[in-house]
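Residue-level structural notes
Now for the letters of each chain:
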Amino acid sequence: FWVAAGEAKGNERVRRMFIECARWADDVKFTPNDRPTWHTARWPVLAEDAPPEAKAAAAAREGKPAGQALEAGNLNFAMLSNSESTPAERALSLCWVFHVVGDIHQPMHVSDLYSAQYPTGNPAATLSYVDDPIRDSTIPLHILWDSNTLRKPTLAEVDQAASAYVLANPRSSYPELTAHPISDQNFLEQWAQESHQVAVDWALDIQTVPDPNIGQDSDQLVKAMVNFILNGVSPVDEAPEVPAEYWNDLQTTAQRRITLAGYRIADLVISAADSIEAERAFVGR
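1. Observations concerning the overall build of the chain
On a plain count of helices and strands, the chain comes out with ten helices and six strands. Taken against the 2.2 N^0.38 rule, which gives 19 Å for 285 residues, the C-alpha radius of gyration of the chain at 20 Å falls within 12% of a compact globule. Based on the C-alpha atoms only, the size of the chain along its principal axes is roughly 65 × 45 × 40 Å. Out of the 285 residues belonging to the chain, those deemed buried represent 41%. Counting only contacts in the chain whose residues sit at least 6 apart along the sequence, the fraction spanning at least 24 positions is 73%. By element, 55% of the accessible surface of the chain is carried by carbon and sulfur atoms, the whole surface being about 15300 Å².

2. Some points on the sheet that holds strand 2 (residues 111-114)
Pairing is mixed across the open sheet formed by three strands, whose spatial order is 1-2-3. On the outer flanks of this sheet lie strand 1 (43-46) and strand 3 (122-123), each paired with one strand and no other. Set on the sheet, helix 3 (residues 52-60) makes contact with strand 1 and strand 2; between it and strand 1 the angle comes to about 155°. Relative to the sheet, helix 8 (residues 187-203) contacts strand 1 and strand 2, its axis offset from that of strand 1 by approximately 15°.

3. A short note on the nonpolar core
One finds V101, I104, L188, W191 and L268 to be the most contacted residues of the largest nonpolar core, which totals 29 residues. When contributions to this core are tallied by element, the ones reaching two or more residues are helix 2 (10-27), helix 4 (69-81), helix 5 (87-104), helix 8 and helix 10 (244-283). Here this core gets eight residues from one element, more than from any other, and that element is helix 5. Not counting residues up to four positions away in its chain, the partners in contact with I104 are A69, V110, L188, W191, A192, S195 and R257.

4. Observations regarding the sheet that holds strand 4 (residues 128-131)
Each strand in a sheet pairs with another by means of backbone hydrogen bonds, the pair being arranged parallel or else antiparallel. Pairing within the open sheet is antiparallel, and its three strands lie in the order 5-4-6. Edge strands, defined here as strands with exactly one partner in the open sheet, are strand 5 (138-140) and strand 6 (209-210). Where strand 4 lies against strand 6, two bridges are found, and the strand directions are antiparallel. Bridge pairing in strand 6 links S128 to P210.

5. A look at unusual backbone geometry
Within the chain, F30 stands out as a residue other than glycine whose phi angle is a positive 70°. Inspection of the secondary structure assignment puts F30 in the loop between helix 2 and strand 1. Here the phi dihedral of E62 falls at roughly 55°; this positive angle occurs in a residue that is not glycine. Take E62: it is sitting in the loop between helix 3 and helix 4. The exposure class assigned to E62 is exposed, which follows from its relative accessible area of 64%.

6. A look at the pattern of salt bridges
The tally for this structure, following the rule as stated, stands at twelve salt bridges. Here R15 and D159 are joined by a salt bridge, their closest N and O atoms 3.0 Å apart. Placement of the pair is R15 in helix 2 and D159 in helix 7 (residues 155-168), with a sequence separation of 144 residues. Its salt-bridge partner being D26, residue K29 comes within 3.6 Å of it at the nearest N-O pair. With relative accessibility at 37%, the residue D26 sits in the partly exposed group. Salt bridges here are not isolated pairs; linked through shared partners, they connect E12, R15, R16 and D159.

7. So, the side chain of N169
Inspection of the secondary structure puts N169 in the loop between helix 7 and helix 8. Given a relative accessible area of 5%, N169 falls into the buried group. Side-chain polar atoms of N169 contact the side chain of R256, separated by 3.3 Å. Residue contacts for N169: discarding those within four places in its chain leaves Y174, Q255, R256, T259 and Y263.

8. Thoughts on the state of the cysteines
Per the counting criterion, the structure on display carries zero disulfides. In this model C21 remains outside any disulfide bridge; the closest cysteine sulfur is found in C95, 3.8 Å from its own.

9. Looking at the environment of L250
By the secondary structure assignment, L250 is in helix 10. Along the chain, L250 and W202 lie 48 residues apart, while their C-alpha atoms are 9.7 Å from each other.

Analysis parameters
- Residues numbered from 1 in each chain as written.
- Predicted model: local features only at pLDDT ≥ 70, side-chain atom pairs only at ≥ 80, totals over all residues.
- Heavy atoms only, no water.
- Helix = DSSP H or I, 4+ residues; strand = E, 2+ residues; numbered from the N terminus.
- Rg over C-alpha atoms; globule rule 2.2 N^0.38 Å.
- Buried < 20%, exposed > 50% of the residue type's maximum accessible area, 1.4 Å probe, protein only.
- Contact = heavy atoms within 4.5 Å.
- Areas by Shrake-Rupley, 256 points an atom, 1.4 Å probe, with all protein chains shown as cover.
- Pairing = 2+ DSSP bridges.
- Axes fitted to C-alpha atoms, helices over the stretch in contact; angles between N-to-C directions.
- Core = buried A, V, L, I, M, F, W, Y, C linked by side-chain atoms within 4.5 Å.
- Salt bridge = Lys/Arg side-chain N within 4 Å of Asp/Glu carboxyl O.
- Polar contact = N/O pair within 3.5 Å; in protein donor to acceptor, adjacent residues only side chain to side chain.
- Disulfide = S-S within 2.5 Å.

Written out as structure tokens, the structure reads:
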């Protein structure tokens, strides 16, 4: 946070640290603050060629997603809104609210594909690789969705992208924003289901190559993913190209989902602040 704030002072320093909250949950991977299961809430997606055992495994979930993003989001929003939470607790909760809400707006974070190619599941599309349309390399389908619109996370680039997204996607263009974000107690699940429907409709319908280390446990797969992100080391040498139509739809959809997530995060933070202010006014402090 200090590095992100740089030499900035006053409101600009606060703004920079506030923005940094969004990526904190990824920056602390493999530390005591890491919560690996809080980044996803994945419902099964069954391909037509999914084997019977895959269908049985998906049915065994009884409609419940893998991963605790929804529970984590509800917990941290409650902590963020609670006037009795300590400043340190609210700071951590703010980071998690930013991150969880962002994650569940990304279709790969809420979907596991079961197919003949992935009979035991492809969690969050982390095991499937395609040719990167931007760089001459292979890339997990999950990362393609994570990073397709912005790959230079400098403050200037983030500010420019945010302004462009808001201009292209004003609040008035989202019928989903007509109601207060917490008017329904299952609001996080509803938002995640929007993303899941994108995966069901088309986002997972693309030719990929599986990770050759597909049999590893989840911890090793996550470490391999982080190694790819930090060092660009891919276990796959060649993968299918991303069709132009898919690439165009991905970028349009991702920008819409990112901007919608931003509006919803803002509404949640303001709602939490209003709750604390109302409670403090009531007790007279």
